[in-house]
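In case you want the letters, here they are:
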Amino acid sequence: MPEDKLLFTQMLEDKWSWKRFWMLCLIAAVTGMAAFFTYFWRERTIGERFLLILCSLIFAVFFILYLEWNRIRQGIYQEKANNYTRIALFYLAAAALTVLISYLPAAQRPVILGPAMMLLALDAFAGLMCSGYFAVLLCMAGTNDAATLACSLLLGMFGCVVLLYRREKGSQLWTGFMIFSMSFCMNAIFSALGQGHFSRGNLFQSLTGALMSCVGISLLFQLCNDRIENSKKLSLDQIMAEDYELAAMMRSYSKADYDHARRVAEIARGCAEQVGADQDLCAAAGLYYRIGRLEGKPYVQNGVLLAKKRGFPPELIQILAEYNGEKLVPSTLESALVHITDSIVTKFDILDKSTLSSSWNQDIVVYQTLNENSAKGLYDKAGLSMNLFLTIRDYLIKEAPLYDNSRGKQQQTDP
């Protein structure tokens, strides 16, 4: 593992959490119960039941290992640190749905919904993992034919890809059309392959399954995705409040650093607005960019640990880990915007007001700082195109409140 990645991994290590432990136990228990209830009303031998439950528990081990790896490696956004509650509840709902639809005809099952829940709860890879497990569960619960397994696997994978696109682009009509058409076609084709012929019954069941998939996905995004995003925004709003614990600690530690951080947050938000980046994330990252100074050296590691202990979103933690490009260079547009803003505001803090008496001098500082950072290759991985770069530069020169007016007023009152 590269040294910089190893450092980031060490930064994200957490202490033991009983709440996280019980949520992992719930995931394992739900996996076993899903297998049990899938076979509950079906005529199966004890050996077949035991084999399915054993396979389910093995999957649970794999899934839990992935959750822990993802937590340590990247961090998982939760309302509270070390809390897997949302993931466990979504997994419970997805498993329960899989058990229920296992009693429907194969062509009528909305198999996309289970993986979609896990994609919303965690990420696309978790959705793909669960789509494979749910497909095996549905296949073993029914006729055990290859057509049922293949259809469920392909629909689950297709659903994760399409829903990931919808989550990024927000194209509801296109996504709905694709889900409906692919669900109908694949269910009809694989149902015919399994039975050896087309029938009106299979076509009707395929149509019903496609409608349930389309409506279910729409409701799922409406109810769940919006709540998750609103929860994230609520958390960012909370940590941006002046009375938030960490903000109060910064203000008590150094009023100058706190004023600097507030100005970086304001300007970073303005930069993000200009180029269509996440404004709330940029503002929060700008405010806590120097948070590691509260604990002393090493600043980067201590800043990440402070943020992680308070359950900051992983996107924000990643930006803090890329502080000043010391250990990791900015990897996202938001991280690059915060780095640009902090470096320029720092220059303006160092230079006195007489040096910056003219707009020409201020423009030179902005030009030089941006050119120096760009020449070092700090933004090569951040997706900062030349057009975005020029847009940000124009905003910083023409609109951004770069100079600390409160400091200038203080200098004017000094004898």
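Keep in mind it's a predicted model, so treat the numbers as computed, not measured. (Residues numbered from 1 in each chain as written. Predicted model: local features only at pLDDT ≥ 70, side-chain atom pairs only at ≥ 80, totals over all residues. Heavy atoms only, no water.)

**With respect to the overall build of the protein**
Put simply, the rule reads: Secondary structure elements follow DSSP: runs of H or I no shorter than four residues count as helices, runs of E no shorter than two count as strands, and numbering proceeds from the N terminus. Each residue is placed in one exposure class: buried if its accessible area under a 1.4 Å probe, protein chains only, is under 20% of its type's maximum, exposed if it is over 50%, and partly exposed if it falls in between. Only heavy atoms matter for contacts: two residues are in contact if any of them lie within 4.5 Å across the pair. Note on areas: these come from Shrake-Rupley sampling with a 1.4 Å probe, and a residue is covered only by the protein chains present in the view.
A count of helical and extended segments in the protein gives 18 helices and zero strands. Among the 415 residues that make up the protein, the fraction classed as buried is 50%. The contacts in the protein between residues at least 6 apart in sequence include a share of 73% that link residues at least 24 apart. In the structure as shown, the protein presents an accessible area of about 20,200 Å², 61% of it carried by carbon and sulfur atoms.

**Things to note about the packing of helix α11 (residues 255–275) against helix α12 (residues 279–287)**
Put simply, the rule is: Axis geometry follows a simple rule: fit a line to the C-alpha atoms, using only the stretch in contact for helices, then measure angles between N-to-C directions, giving values from 0 to 180 degrees. We call two directions roughly parallel when the angle between them is under 35 degrees, roughly antiparallel when it is over 145, roughly perpendicular when it lies between 65 and 115, and oblique otherwise. What makes a crossing left-handed is the near helix being turned counterclockwise from the far one by less than a right angle; a clockwise turn instead makes it right-handed.
Where α11 meets α12, the axes come as close as 7 Å, and the angle between the chain directions of the two elements is 160°. Taken as axis vectors, α11 and α12 run roughly antiparallel relative to one another. The interaxial crossing formed by α11 with α12 has right-handed handedness. Here α11 contributes Tyr258, Ala261, Arg262, Val264, Ala265, Ala268, Arg269, Ala272 and Glu273 to the contact with α12, which in turn contributes Gln279, Asp280, Cys282, Ala283, Gly286 and Leu287.

**Details of the pattern of salt bridges**
Test applied: By definition, a salt bridge exists where a carboxyl oxygen of Asp or Glu is found within 4 Å of a side-chain nitrogen of Lys or Arg.
Across all of its chains, the model carries eight salt bridges by this definition. Here Lys347 ties to Glu372 by a salt bridge, and the two come within 3.7 Å at their closest N and O atoms. One end of the pair, Lys347, is in helix α15 (residues 333–350); the other, Glu372, is in helix α16 (residues 359–375), with 25 residues separating them in the sequence. Residue classification places Lys347 among the partly exposed residues on the basis of a relative accessible area of 30%. Via salt bridges that share partners, Asp257, Arg290, Arg293 and Asp342 belong to a single interconnected network.

**Observations concerning the nonpolar core**
Quick reminder of the rule: Throughout, nonpolar core names a set of buried Ala, Val, Leu, Ile, Met, Phe, Trp, Tyr and Cys residues whose side chains join them through atoms within 4.5 Å.
Core analysis: the biggest nonpolar cluster contains 60 residues, and Tyr288, Phe312, Leu316, Leu337, Leu396 and Leu402 have the highest contact counts within it. By residue number, the principal contributor to this core is α11, which donates nine residues. Among all residues touching Tyr288, those that are not within four sequence positions of it are Ile239, Tyr244, Leu246, Ala247, Met250, Phe312 and Leu320.

**A closer look at the packing of aromatic side chains**
Where we set the bar: Geometry of aromatic contacts follows a simple scheme: Phe, Tyr and Trp rings, the Trp one being its six-membered ring, pair when their centres are within 6.5 Å, and the pair is stacked under 30 degrees between planes, edge-to-face over 60, tilted otherwise.
Summed over all chains, the structure comprises ten aromatic pairs. For the ring pair Tyr66 and Trp69, a centre distance of 6.1 Å and an interplane angle of 25° mean the geometry is stacked. Of this pair, Tyr66 and Trp69 both sit in helix α3 (residues 46–73), three residues apart, roughly one helical turn. Tyr66 gets classed as buried once you look at its relative accessible area, which sits at 11%. For the ring pair Tyr66 and Phe125, a centre distance of 4.9 Å and an interplane angle of 50° mean the geometry is tilted. Taken as a pair, Tyr66 in helix α3 and Phe125 in helix α6 (residues 124–141) lie far apart in primary sequence, 59 residues in all.

**Some remarks on a nonpolar patch on the surface**
The cut-off we apply is this: Like-charged residues within 9 Å of one another, or nonpolar side chains (Val, Leu, Ile, Met, Phe, Trp, Tyr) within 5 Å, are grouped into patches, provided each residue has over 30% relative accessible area and no salt bridge.
Residues Met33, Phe36, Phe37, Phe40, Trp41 and Tyr103 make up a contiguous nonpolar surface patch of roughly 660 Å² in combined accessible area. Positionally, Met33 belongs in helix α2 (residues 18–39). The class of Met33 is partly exposed, set by a relative accessible area of 40%.

**Description of the confidence of the model for the protein**
A low pLDDT score tells you not to read the predicted coordinates there in detail. Defined as follows: Within a predicted model, pLDDT stands for the predictor's per-residue confidence, ranging from 0 to 100.
Overall, the predicted model of the protein reaches an average pLDDT of 80, with 84% of residues at or above 70. Confidence drops under a pLDDT of 50 for residues 76–82, and excluding neighbours within four residues, the segment shows 27 contacts in the predicted structure. Low confidence marks residues 406–415, where pLDDT is under 50. Its contacts with residues over four positions away, or in another chain, come to ten contacts.

**Let's talk about the side chain of Asp280**
Heads up, the condition is: Under this definition, polar contacts are N or O atom pairs within 3.5 Å; protein pairs additionally need one hydrogen-donor-capable and one acceptor-capable atom, and for neighbouring residues in sequence, both atoms have to be side-chain atoms.
One can find Asp280 in helix α12. According to the relative accessible area criterion, Asp280 is buried, its value standing at 17%. Of the polar contacts made by the side chain of Asp280, one reaches the side chain of Arg269; its length is 3.1 Å.

**Let's talk about the environment of Gly209**
Its place among the elements puts Gly209 in helix α9 (residues 200–240). C-alpha separation for the pair Gly209 and Gln108, spaced 101 residues apart in sequence, amounts to 4.0 Å. Here Gly209 is in contact with Ala107, Gln108 and Pro110, once residues within four sequence places are set aside.

**Section: the packing of α11 against α15**
Operational definition: Each residue gets one label: Ala, Val, Leu, Ile, Met, Phe, Trp, Tyr, Cys and Pro are nonpolar, Asp, Glu, Lys and Arg are charged, and the others, such as Gly, are polar.
Contact geometry for α11 and α15: axes closest at 9 Å, N-to-C directions at 135°. Comparing their axes, α15 and α11 come out oblique. For the pair α11 and α15, the crossing hand works out as right-handed. Between α11 and α15, the residues in contact are His260, Arg263, Val264, Ile267, Ala268, Cys271, Ala272 and Val275 and Leu333, Leu337, Val338, Thr341, Asp342, Val345, Thr346 and Asp349, respectively. Its residues assigned to classes, the contact of α11 with α15 shows ten nonpolar, three polar and three charged.

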